[in-house]
Amino acid sequence: MGYMHKEFLSGNGIYGCLHCGTHFAKKDKLNSKQYNGQYGRAYLFDHIVNVRAGEEEKRAMTTGVHIVQDITCMECNTYVGWTYIKAFEPTQKFKEGKFILEKEVITDITRDWVL
């Protein structure tokens, strides 16, 4: 595997890793706060950075079966959520290519708003 560079996001409203502070997403890429993950509440994002994706797997979720990849922080390797690769239900297709970040493992890097 080649060298992975860490991307630093600028401005206010930046979500990052609770453990090491690596930037993940800007607040304006937040799609919804109405999701649940392994640790409780989870957020759906249109775009995130600085994560590594694991193997694709078929997973039964409350909204149907999806093909997903778990994602980890590229710096400290902490599990932070998953990405949707494929949704089988027509009403769930909007999730394809989007990302879930678990609220319990992220923080407000810029400390200017509430999670």
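You'll find the structure just up there.
One numbering rule holds for all chains: residues counted from 1, following each sequence as written. Selection of residues for local features in this predicted model requires a pLDDT of at least 70, selection of side-chain atom pairs for listing and counting requires 80 or more, and totals for whole chains, interfaces and linings are taken over all residues. With hydrogens and water excluded, all non-hydrogen atoms of the structure serve as input to the side-chain values.

Asks: What is the right way to look at the packing of aromatic side chains in this model?
Replies: A pair of aromatic rings is counted whenever rings of Phe, Tyr or Trp (Trp by its six-membered ring) have centres within 6.5 Å, and the orientation is called stacked for planes under 30 degrees apart, edge-to-face for over 60 and tilted otherwise. A full pass over the atoms with the stated rule returns 4 aromatic pairs. With centroids separated by 6.2 Å and ring planes inclined at 80 degrees, the aromatic side chains of Trp 82 and Tyr 84 adopt a geometry described as edge-to-face. The buried label goes to any residue with under 20% of its type's maximum accessible area, the exposed label to any with over 50%, and the partly exposed label to all in between, with areas taken from a 1.4 Å probe on protein chains only. For Trp 82, a relative accessible area of 5% translates into the label buried. Accessibility expressed as a relative area gives 3% for Tyr 84, which makes it buried.

Asks: Got a minute to help me understand the pairing of strand β1 (residues 14–17) in this structure?
Replies: Successive side chains on a regular strand alternate, one facing one side of the sheet and the next facing the other. Two strands make a pair as long as DSSP finds a minimum of two bridges between them. Helix and strand definitions follow DSSP, with helices as H or I runs of at least four residues and strands as E runs of at least two, each counted in order from the N terminus. Note: β1 against strand β2 (residues 23–26), 3 bridges, orientation antiparallel. From the neighbouring strand, Tyr 15 faces β2, where its bridge partner is Ala 25. The hairpin formed by β1 and β2 contains 5 residues between the paired strands, and Gly 21 there has a positive phi angle of roughly 85 degrees. Pairing between β1 and strand β9 (residues 106–108): 3 bridges, direction antiparallel. Looking at β9, one finds that Cys 17 is bridged to Ile 106.

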